[in-house]
Amino acid sequence: MSEGSILIVDDEYGVRSGIRTILEMDGYEVGEAGDGAAALEALKERDYDVALLDYRLPDTDGLSLLQTMKQRGCEAMVCMITAYANIDTAIAATRQGVDFFLPKPFSPDDLEGVVATLLRHKLARTEADRLRAEHEASLLALAEEKTQTHSLVSSLRDAVLVVNRDGDVVLANPPMLDLLERGDDEVLMRPATELLGGGALAPLGEQLAAPAKDRTVRQLELGEQAYMASIVTFRDEAGEARGRILTLSDISEVRRLAMEKQKFIRTMVHELKSPLGSIKGLLEVVTDKSLGGDLDPYIPMIARADHRIDNLALLIRDLLTLARSEQTQEGEEPELVPVAPVLDGVVELAREHGAQRGVTVTTELAGDLPPALIRPDDLQLVLSNLVGNAVKYNRDGGSVTVRGAIEDGWLRLEVADTGIGIREANLTRLWDEFYRETRDETRELEGNGLGLSIVKRLVERAGGRLEVASIEGEGSTFSVLLPA
Amino acid sequence: MMTTATTVLFVDDDRDFLESKKVYLEARGYRVLTAESPDAAMATLEDETPAIIFLDLMMEHVDDGFRLGYRIGKDERLGHIPLVMLSGVAAETGTRFDGEAGGLREWSRLTRFLDKPVTGQQVLAVIEELAVA
């Protein structure tokens, strides 16, 4: 059985049915039309692979019909059938897009041969069209990919330089151009060694020209900035080196954080080891019996050692709080916390501490004070640190006032004291871990320098900020501003 | 025969440390002076010429010990006194600190480093070895 659909357009019923019979026996699908208008109607219904057109039709002629068909997007192979065949008509017909010319009368074999040939051509044409479409699509995709790669590389924060196998620059993204202080047209197709030569980047130029490995990574300094430079060779499917990509990532911030961490750990070790050394020294005196065999003279020293151990425990607790304040754990979401109850607890404790030195603690909360959006434990820690400091660094008979009010959409909690104040030069260091202002007034007061660091982190974690105003010898005011 | 007690100066901002070393060494016949800050140390040194000085490296500033060492070292009357630096961070900072220490040691004329915590026993051994008559 053969496959294919054929439309017969002929005004003679006998011719149409004859052809139909032959073709249907071969297994083709067949449609027929008696004139041009009917043919166009039939083509609206469905597509045909082959159209057999009579040259003479009642309403038009075969060639005109063919033009109309083509204009309407008909892609059928066309065979012109005519009894008035002559060479001129044949040439004209072929020029106008007729694929075959079948003179009447013709035998069934002629017809079958023509139809089979046209169907083969049709198939070949369809396949060619498909291939061309595919090729065009892939070219389009390639162009698109190239553009995408280019925009991707351009949008990278890292500086990227791509060289071909000869070491000439084929792509430099904007950060790289900034680094090289050159324009796009100044770098393209120029040797990378020349562009990178001379300064701190020279070793990279050499490596780009002749890399020891397919992938090298090194650190380098450029002015104030530190960079991680990586050079990667890219190869084609055959393993041939096609070029190399240089990427420079700015690691200054990472390095600064690492150094800060290093400093923090160094200070922390000092803060942990110092009390241990003192405790060890105090106990050594006891075991050495430096003060004789009687126990009494040692009691104050043992009490000191005991106290130092308590302080160490507090230090470790604060270090843990500090570490915890750096990350947000699940189930620790901020809540709307009424300020007054938390403050009452904090103030009660502060009053007990202040009472021995005659320091009074008062609160002035606005009547319509909204709740604070913060983790309840954090609010307690912030307030107890600030109020605790205000009592600790106060003068005998001084006062502490805690105020709460709404200001410009912020909930402002203010802790004001009449204490020793802070030197202006030291105000910025106040929030640093382990920092304590060393003055005659503070020498006798204990502390590990972590309280305000904790306060700062907790307030910032809640989306708030801190303000401090202080006059040495007169007092300080710490303000916490939380989103209301 | 009259013998003058050997005088030792400790400079450290940790009062308990000073106290324990004082008691430990006084029990062994030493005269012990203490200072809680570099300034207090310089004040003490105006009237005193100890046989050895122990300095804490990290006091108010991380390098107070070095600075004080330099001040003492360049002083004509005090320059000969052995200086022993006490530090809790020498080990932790490792090579970097030691690498710098060569120059710094010369600059501040340090005789020796001791890693904290330092026992009375260690201090005693260093005094017996280094203290000038």
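Note: the structure precedes this text.
Peer 1: Help me out: how do you make sense of the overall build of chain B in this one?
Peer 2: For chain B, the count of helices and strands is 5 helices and 5 strands. Each helix (α) and strand (β) of chain B, taken in turn from the N terminus, gives the series β-α-β-α-β-α-β-α-β-α. The 133 residues of chain B split such that 53% are buried. Within chain B, residue pairs in contact and separated by at least 24 positions form 75% of the contacts whose partners lie at least 6 positions apart. Just so you have it, chain B exposes about 6400 Å², and 48% of that area is on carbon and sulfur atoms.

Peer 1: What am I meant to see in the side chain of Lys 122 of chain A here?
Peer 2: All names here are of chain A. Position of Lys 122 relative to the elements: it lies in helix α5 (residues 108-155). Buried and without a salt bridge, Lys 122 has Glu 75 as its closest oppositely charged side chain, separated by 4.5 Å. Looking at Lys 122, its side chain comes within polar contact range of the main-chain oxygen of Glu 75, at 3.1 Å. Aside from chain neighbours lying at most four places away, what touches Lys 122 is Asp 49, Glu 75 and Met 77.

Peer 1: Would you mind going over the sheet that holds strand β15 (residues 410-417) of chain A with me for this structure?
Peer 2: Either a parallel or an antiparallel arrangement is found when strands of a sheet pair, and the pairing is made through backbone hydrogen bonds. Residue and element names in this part refer to chain A. Across the sheet, 5 strands lie side by side as β12-β14-β15-β17-β16; this open sheet has mixed pairing. Of all the strands in the sheet, just β12 (360-365) and β16 (465-471) have a single pairing partner and so form its edges. Strand-to-strand twist across the sheet, computed as the mean angle between neighbouring axes with direction ignored, equals 15°. Summarising the sheet, strand β14 (residues 399-407) and β15 pair through 8 bridges and their orientation is antiparallel. When the bridges of β15 are listed, Thr 401 appears paired with Ala 416. The strands touched by helix α12 (residues 339-355) are β12, β14 and β15; relative to β12, the strand with the most contacts, the crossing angle is about 170°. Sheet strands touched by helix α13 (residues 376-392): β12, β14, β15 and β17 (475-483). Its angle to β15, the strand with the most contacts, is close to 25°.

Peer 1: So what exactly am I meant to see when it comes to the environment of Val 387 of chain A here?
Peer 2: Residues and elements named next belong to chain A. Relative to the helices and strands, Val 387 is located in helix α13. Exposure remark for Val 387: the relative accessible area of 0% places this residue in the buried category. Along the sequence, Val 387 and Val 415 sit 28 residues apart, while their C-alpha atoms lie 6.5 Å from each other. Setting aside residues no more than four positions away along its own chain, Val 387 makes contact with Val 346, Ala 350, Val 361, Val 402 and Val 415.

Peer 1: Would you take a moment to explain the packing of helix α11 (residues 299-325) of chain A against helix α1 (residues 15-26) of chain B for this structure?
Peer 2: Helix-helix packing: each pair is described by the crossing angle between the helix axes and the interaxial distance. Interaxial distance between α11 of chain A and α1 of chain B falls to 11 Å at its minimum, and their mutual angle equals 150°. Comparing their axes, α1 of chain B and α11 of chain A come out roughly antiparallel. Note on packing geometry: the crossing formed by α11 of chain A with α1 of chain B is left-handed. Along the contact surface, α11 of chain A presents Met 301, Arg 304 and Arg 308 of chain A, while α1 of chain B presents Asp 16, Glu 19, Ser 20 and Val 23 of chain B.

Peer 1: What am I meant to see in the pairing of strand β1 (residues 7-11) of chain B here?
Peer 2: Within a regular strand, the side chains alternate between the two sheet faces. All names here are of chain B. When you tally the buried positions in β1, you get 5 out of 5 residues, the bulk of the element. Where burial is concerned, the two faces of β1 agree: the one with Thr 7, Leu 9 and Val 11 and the one with Val 8 and Phe 10 are both buried. Judged from the 5 bridges that link them, β1 and strand β2 (residues 31-35) form a sheet pairing that is parallel. Looking at the pairing, Val 11 lines up with Ala 35 of β2. Of the pairings in the sheet, the one linking β1 to strand β3 (residues 52-56) comprises 4 bridges and is parallel in character. For Val 11, the partnering residue across the bridge sits in β3 and is Leu 55.

Peer 1: Looking at this structure, how should I read unusual backbone geometry?
Peer 2: Trans peptide bonds make up most of the peptide bonds, and negative phi angles are found at most residues other than glycine. Residue Pro 117 of chain B follows Lys 116 of chain B across a cis peptide bond; omega there is -5°. The backbone phi angle of Met 189 of chain A is positive, close to 65°, even though this residue is not glycine. Note that Met 189 of chain A resides in the loop between α7 (184-187) and α8 (192-196). The backbone phi angle of Phe 434 of chain A is positive, close to 70°, even though this residue is not glycine. On the basis of relative accessible area, Phe 434 of chain A is assigned to the buried category, the value being 10%.

Peer 1: Sorry, what's going on with the packing of helix α10 (residues 252-288) of chain A against α11 of chain A here?
Peer 2: Residues and elements named next belong to chain A. The geometry of α10 relative to α11 is characterised by a closest axis approach of 9 Å and an angle of 160° between their N-to-C directions. Considered as vectors, α10 and α11 are oriented roughly antiparallel to each other. Handedness of the α10/α11 crossing: left-handed. Between α10 and α11, the contacting residues are Phe 264, Met 268, Glu 271, Leu 272, Ser 274, Pro 275, Leu 276, Ser 278, Ile 279, Leu 282, Val 285 and Val 286 on the first element and Met 301, Ile 302, Arg 304, Ala 305, Arg 308, Ile 309, Leu 312, Leu 315, Ile 316, Leu 319 and Leu 322 on the second. Here the contact of α10 with α11 is composed, by residue class, of 18 nonpolar, 2 polar and 3 charged.

Peer 1: Would you mind going over the sheet that holds β1 of chain B with me for this structure?
Peer 2: All names here are of chain B. As summarised here, the arrangement of the 5 strands in space is β2-β1-β3-β4-β5, forming an open sheet in which the pairing is parallel. The open sheet has two edge strands with one neighbour each: β2 and β5 (112-115). Looking at each pair of strands side by side, their axes are set apart by 20° on average, direction ignored. Across the face of the sheet, helix α3 (residues 64-73) comes into contact with β1, β3, β4 (83-87) and β5 while running at roughly 155° to β3. The strands that helix α5 (residues 120-130) touches are β1, β3, β4 and β5; relative to β3, the one it contacts most, it runs at about 140°.

Peer 1: Explain the pattern of salt bridges here, please?
Peer 2: Pairing between side chains becomes possible if they bear opposite charge and their charged atoms approach one another. Residue and element names in this part refer to chain A. Per the counting criterion, the structure on display carries 42 salt bridges over all chains. The closest approach of N and O atoms between Asp 129 and Arg 132, which form a salt bridge, is 2.9 Å. Placement of both Asp 129 and Arg 132 in helix α5 is noted, with a separation of 3 residues, approximately one turn of the helix. Its relative accessible area of 48% is what places Arg 132 among the partly exposed residues. Residue Arg 190 is joined to Glu 194 by a salt bridge in which the shortest nitrogen-to-oxygen separation is 2.5 Å. Overall, the relative accessible area of 44% leaves Glu 194 in the partly exposed class. Here the residues in one salt-bridge network are Glu 364, Arg 403, Glu 407, Arg 412, Glu 414, Arg 465 and Glu 467, joined through shared partners.

Scoring rules and cut-offs
- Within any chain, residue numbers begin from 1 and follow the written order of that chain's sequence.
- The lettering of chains begins at A and the numbering of ligands begins at 1, in the order of writing.
- Only residues with pLDDT of 70 or above have their local features reported here, since the model is predicted, and side-chain atom pairs are shown and tallied only from 80 upward, although totals for entire chains, interfaces and linings are computed over all residues.
- Water and hydrogen atoms were dropped before computing side-chain values, which therefore reflect all heavy atoms in the structure.
- The helix and strand labels rest on DSSP assignments: H or I over at least four residues marks a helix, E over at least two residues marks a strand, and numbering proceeds from the N terminus.
- Burial here depends on accessible area, computed with a 1.4 Å probe over protein chains only, as a share of the maximum for the residue type. Under 20% is buried, over 50% is exposed, and the range in between is partly exposed.
- Contacts were defined at the residue level, with two residues in contact if any of their heavy atoms lie within 4.5 Å.
- Only the protein chains shown count as cover for residues, and the accessible areas themselves come from Shrake-Rupley with a 1.4 Å probe.
- Within this scheme the basic residues Lys and Arg register as positive and the acidic residues Asp and Glu register as negative, but His and the chain ends are omitted.
- Note on definitions: salt bridges are taken to be side-chain nitrogens of Lys or Arg within 4 Å of carboxyl oxygens of Asp or Glu.
- Distance and chemistry together define a polar contact, namely a pair of N or O atoms within 3.5 Å, with one atom able to donate a hydrogen and the other to accept it when in protein, and with adjacent residues in sequence counting only for side-chain atoms on both sides.
- Two strands qualify as a pair provided that DSSP identifies no fewer than 2 bridges between them.
- With axes taken as lines fitted to C-alpha atoms, and helix axes fitted only over the stretch in contact, angles between N-to-C directions fall between 0 and 180 degrees.
- Should an angle fall under 35 degrees it is called roughly parallel, over 145 degrees roughly antiparallel, and 65 to 115 degrees roughly perpendicular, with every other angle called oblique.
- Left-handed describes a crossing whose near helix is turned anticlockwise from the far helix by less than a right angle; the clockwise case is right-handed.
- Three classes are used: nonpolar for Ala, Val, Leu, Ile, Met, Phe, Trp, Tyr, Cys and Pro, charged for Asp, Glu, Lys and Arg, and polar for all others, with Gly counted as polar.

Structural measurements only, silent on function.
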